[in-house]
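A look at the structure
So the chains spell out like this:
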Amino acid sequence: MEQMTLSPEPRRAADAIRDVEFSIRENEDQVQWDRFFDNSGPVEVEIGCGKGRFIINSAMAHPHINYIGIERALRYFRIMKERVVRRDLANVRLLRDDAVYFVERFIPDGAVSAYHVYFPDPWPKKRHRKRRLFNPRFLDEIVRTLAAGGTLDFATDYVEYYEEIQALLEATDHLDALGEIPERVKELGSDLTNFETKYTAEGRPIHRGAYVKP
């Protein structure tokens, strides 16, 4: 009788979802990117990915770069995860957790080649401003975890928050302002995120900043 040769089964959607999403709450060790991605390529982190437009477009345009996407809102996270899985992006991993905790506790020194923070919650009420992502402690962690030559790119439609972020960045001696956003971001075109598309359509001005660790 002729022996049948079984070909490997295609990766199931559930397996792909488990591969894409990771958790940190049961882990005590700092991350090792090569275990996440099975390669030693550069790693970029987007904080507050929303529905995932930026991280997905970046991952497709730059398959040699690995991306970590962090989003706490469950509805947005599910949409982003489904889109990543559908495109079978091997260079993306997603985390639904607190970004500050992840950066402070789990990312080693000099392990990130770029941070992207687009339209963080401005918490406009004065009593809530202590909840804002950008503060001196968070910037210290960004500086610590950025590799030499690594960049921080951010955008907001909220001018008061933009001015606050700029003041914080100008006060540090460890990051230098760039004249424009990095070319790999610029080449993705306008409306980098779903929020940017919405705010641009509403006529809101978009304020951007880009800094590098020398």
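In case you missed it, the structure is sitting above this.
A short tour of the structure in this document, coming up. This one's a predicted model, so the numbers in the text were calculated from it and none came from an experiment.

Once that is clear, we can look at the layout of surface pockets. The space that makes up the largest pocket amounts to roughly 690 Å³. As for the largest pocket, its lining consists of 27 residues, and the residues nearest its centre are Ile47, Arg72, Asp121, Trp123 and Leu133. Counting only elements with at least two residues in the lining of the largest pocket, the list comes to helix H5 (99–106), strand E4 (112–118) and helix H6 (136–145). Sorting elements by how many residues they give to the lining of the largest pocket places H5 first, with three residues. In the lining of the largest pocket, the residues fall into 14 nonpolar, three polar and 10 charged.

Here the focus is the sheet that holds strand E3 (residues 92–95). Here we have seven strands laid out as an open sheet, ordered E3-E2-E1-E4-E5-E7-E6, and mixed in their pairing. Lying at the two open borders of the sheet, with one neighbouring strand each, are E3 and strand E6 (176–177). The pairing of strand E1 (residues 43–47) with strand E2 (residues 66–70) spans five bridges and is parallel. Its bridge partner being in E2, Glu46 is matched across the sheet by Gly69. Each of E1, E4 and strand E5 (146–156) touches H6; the most contacted strand, E5, lies at about 140 degrees to it.

Our next topic: the pairing of E1. With five of its five residues buried, E1 lies for the most part within the structure. Covered by surrounding structure in E1 are Val43, Val45 and Ile47 together with Glu44 and Glu46, the residues of both alternating faces. The parallel pair E1 and E2 is bridged by helix H3 (residues 53–61), and the resulting crossover is right-handed. Relative to E4, E1 is paired through four bridges, and the arrangement is parallel. When the bridges of E4 are listed, Val45 appears paired with Tyr115.

All right, on to empty space enclosed by the protein then. Throughout the structure, instances matching the rule amount to three cavities of 30 Å³ or more. The computed volume of the largest cavity comes to approximately 50 Å³. Around the largest cavity, the lining residues are Gly48, Cys49, Gly50, Lys51, Gly52, Arg53, Phe54, Tyr118, Thr193, Asn194 and Phe195. Those elements giving two or more residues to the lining of the largest cavity turn out to be H3 and helix H9 (194–201). A class-by-class count of the residues in the lining of the largest cavity yields four nonpolar, five polar and two charged.

Attention now goes to H5. Those residues of H5 that fall on the buried side of the exposure criterion are Ala99, Phe102, Val103 and Phe106. Projected down its long axis, H5 carries its buried residues within an arc of 110 degrees, all on one side. Against the buried residues of H5 lie helix H2 (33–37), E1, E2, E3, E4 and H6.

Bringing the packing of H3 against helix H4 (residues 74–87) into the picture now. The interhelical angle for the contact between H3 and H4, taken along N-to-C directions, is 20 degrees, at an axis separation of 10 Å. In terms of axis orientation, H3 runs roughly parallel to H4. Remark: the crossing between H3 and H4 carries right-handed chirality. For the pair H3 and H4, the contacting residues are Ile55, Ile56 and Met60 in the first and Met80, Arg83, Val84 and Arg87 in the second.

Rules of the game
- Residues numbered from 1 in each chain as written.
- Predicted model: local features only at pLDDT ≥ 70, side-chain atom pairs only at ≥ 80, totals over all residues.
- Heavy atoms only, no water.
- 1 Å grid on protein atoms, 1.4 Å probe; cavity = no way out; pocket = protein on both sides within 12 Å on 5 of 7 lines; lining within 4 Å.
- Points joined across faces, edges and corners; volume = space filled by probe spheres on them.
- Helix = DSSP H or I, 4+ residues; strand = E, 2+ residues; numbered from the N terminus.
- Nonpolar A, V, L, I, M, F, W, Y, C, P; charged D, E, K, R; others polar.
- Pairing = 2+ DSSP bridges.
- Contact = heavy atoms within 4.5 Å.
- Axes fitted to C-alpha atoms, helices over the stretch in contact; angles between N-to-C directions.
- Buried < 20%, exposed > 50% of the residue type's maximum accessible area, 1.4 Å probe, protein only.
- Right-handed = clockwise from strand over helix to strand, strands pointing away.
- Arc of directions from axis to C-beta.
- Parallel < 35°, antiparallel > 145°, perpendicular 65-115°, else oblique.
- Left-handed = near helix turned anticlockwise from the far one by under 90°.

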